[in-house]
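Listed here are the chains, written in short residue letters.
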Amino acid sequence: MGIEGRLTVAMPKGRIFSDALTLLEEAGLNLPRELAEDSRKLMVEVPAEDLSFLLVKPVDVPTCVEHGAADLGVAGKDVLMEEDRDVYELLDLQISPCRLSLAGTPDWQPVLNPKVATKYPRIANRWFREQGQQVEVICLNGSVELAPLTGLADRIVDIVSTGQTLRENGLVELEEITRVTSRLIANRASYRLKSRRIDRLYERLARVVMGKGDCDDRGGPSGAVVHTSESG
Ligand code: PRP
């Protein structure tokens, strides 16, 4: 699992990356500059910590971990819910908090079978089904906020963090679907085969998270981990 002998961690490039890096450093890891800098390197070895980092798109972190390219990963709860991968969720890292919300133009009027644009088709379909509403979900990979402005969709389901993107595009948040933070996830086989090393890293991270208070510890290596593909 992962690169032989070394613990491999899949890190999400983009919004979560610097928060995740700060947390690892707060946990006492001595990380090289090439990881922090905006380099194009996709695999960074840290022999002093016996770690390898893979830098991947956030949506690909659970895939890398499920298939064993990485032993561990840092993934947003939004991505975990959408991807529904067969991985263990070890710890709520409490970083990069945001929410997944329904949004639209302020003058939005109900229509029959509205179109909803999103990067999260699985979550959106499930949520609207639970609300008893029939919608047509349109999948986009980015710039989702454009959809209601161009007539591509009536509403959107997307991440809201500061709210700036909605504001700057004249949209309003209509309803919160779920709160999102980033989680430490593990490959199922690595979790057994590299338990001591995973345990050690888990404990260092958990100490920092708990030190900040409000820790939603999901059990950790010696407790009941959440099996994300079943947790929804
Ligand atoms: C997310 C989301 C919004 C934006 C919200 O995109 O899709 O566009 O962040 O943040 P705000 O409320 O602080 O403005 P992200 O930056 O993760 O990148 P992506 O669009 O490339 O997926």
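Please read all numbers here as calculations on a predicted model, not as lab measurements. (Residues numbered from 1 in each chain as written. Predicted model: local features only at pLDDT ≥ 70, side-chain atom pairs only at ≥ 80, totals over all residues. Heavy atoms only, no water.)

Participant: Is there a simple way to explain the site of the ligand in this structure?
Facilitator: Taken together, the residues surrounding the ligand are Arg-15, Lys-119, Glu-145, Asp-158, Ile-159, Val-160, Ser-161, Thr-162, Gly-163, Gln-164 and Thr-165. A distance of 2.7 Å separates an oxygen atom of the ligand from a polar side-chain atom of Asp-158. One of the backbone nitrogen or oxygen atoms of Ser-161 is found 2.8 Å away from an oxygen atom of the ligand. Out of a free accessible area of 500 Å², the ligand has 66% covered by protein chains. At the level of secondary structure, the elements contributing two or more residues to the shell around the ligand comprise β9 (155-160) and α7 (164-168). (Near = heavy atom within 4 Å. Polar contact = N/O pair within 3.5 Å; in protein donor to acceptor, adjacent residues only side chain to side chain. Areas by Shrake-Rupley, 256 points an atom, 1.4 Å probe, with all protein chains shown as cover. Helix = DSSP H or I, 4+ residues; strand = E, 2+ residues; numbered from the N terminus.)

Participant: How should the state of the cysteines be read in this particular structure?
Facilitator: When the sulfur atoms of two cysteines share a covalent bond, that bond is a disulfide. Taken as a whole and judged by the stated rule, the model has zero disulfides. Residue Cys-139 stays outside any disulfide, its sulfur separated by 19 Å from that of Cys-98, the closest cysteine. Relative accessible area serves as the criterion here: at 51%, Cys-139 is assigned to the exposed category. (Disulfide = S-S within 2.5 Å. Buried < 20%, exposed > 50% of the residue type's maximum accessible area, 1.4 Å probe, protein only.)

Participant: Hey, could you run me through the sheet that holds strand β10 (residues 172-180) in this one?
Facilitator: Paired through backbone hydrogen bonds, the strands of a sheet run either parallel or antiparallel to each other. Taken in spatial order, the five strands line up as β8-β7-β9-β6-β10 in an open sheet, and their pairing is mixed. Both edges of this open sheet fall to β8 (136-139) and β10, since each of them pairs with a single strand only. Between one strand axis and the next, the sheet turns by 25° as a mean value, whatever way the strands run. Examined bridge by bridge, strand β6 (residues 98-104) and β10 share seven bridges and lie antiparallel to one another. Along β10, the bridge assignment pairs Leu-102 with Glu-175. (Pairing = 2+ DSSP bridges. Axes fitted to C-alpha atoms, helices over the stretch in contact; angles between N-to-C directions.)

Participant: I keep staring at the domain arrangement of the chain and nothing clicks. Help me out?
Facilitator: A common way to report how large an interface is uses the accessible area buried once the components associate. When the domains of the chain are assigned, the result is domain 1 (7-97 + 181-231) and domain 2 (98-179). The interface of domain 1 with domain 2 comprises nine residues on the first partner and 11 residues on the second. The contact between domain 1 and domain 2 buries some 890 Å² in all, and 50% of this surface belongs to carbon and sulfur atoms. Inspection of the domain 1/domain 2 interface yields one salt bridge. Note that Asp-84 is salt-bridged to Arg-122, the shortest N-O span being 3.6 Å. (Domains from an automatic or database assignment. Contact = heavy atoms within 4.5 Å. Buried area = accessible area lost by both parts, 1.4 Å probe. Salt bridge = Lys/Arg side-chain N within 4 Å of Asp/Glu carboxyl O.)

Participant: Would you take a moment to explain the pattern of salt bridges for this structure?
Facilitator: Pairs can form between side chains of opposite charge once their charged atoms are near each other. Enumeration according to the criterion identifies 17 salt bridges in this entry. Residues Lys-41 and Glu-34 are paired through a salt bridge, measuring 3.3 Å at the closest nitrogen-oxygen approach. For Lys-41, a relative accessible area of 42% gives the class partly exposed. Put simply, Glu-66 and Arg-85 hold a salt bridge, and the shortest N to O gap is 3.0 Å. You can see Glu-66 sitting in helix α3 (residues 61-66) and its partner Arg-85 sitting in the loop between α4 (77-83) and β5 (88-92), a full 19 residues away along the chain. For Glu-66, a relative accessible area of 25% corresponds to the partly exposed category. Salt bridges linked by common partners bring Arg-6, Glu-45, Asp-50 and Arg-197 together as one network.

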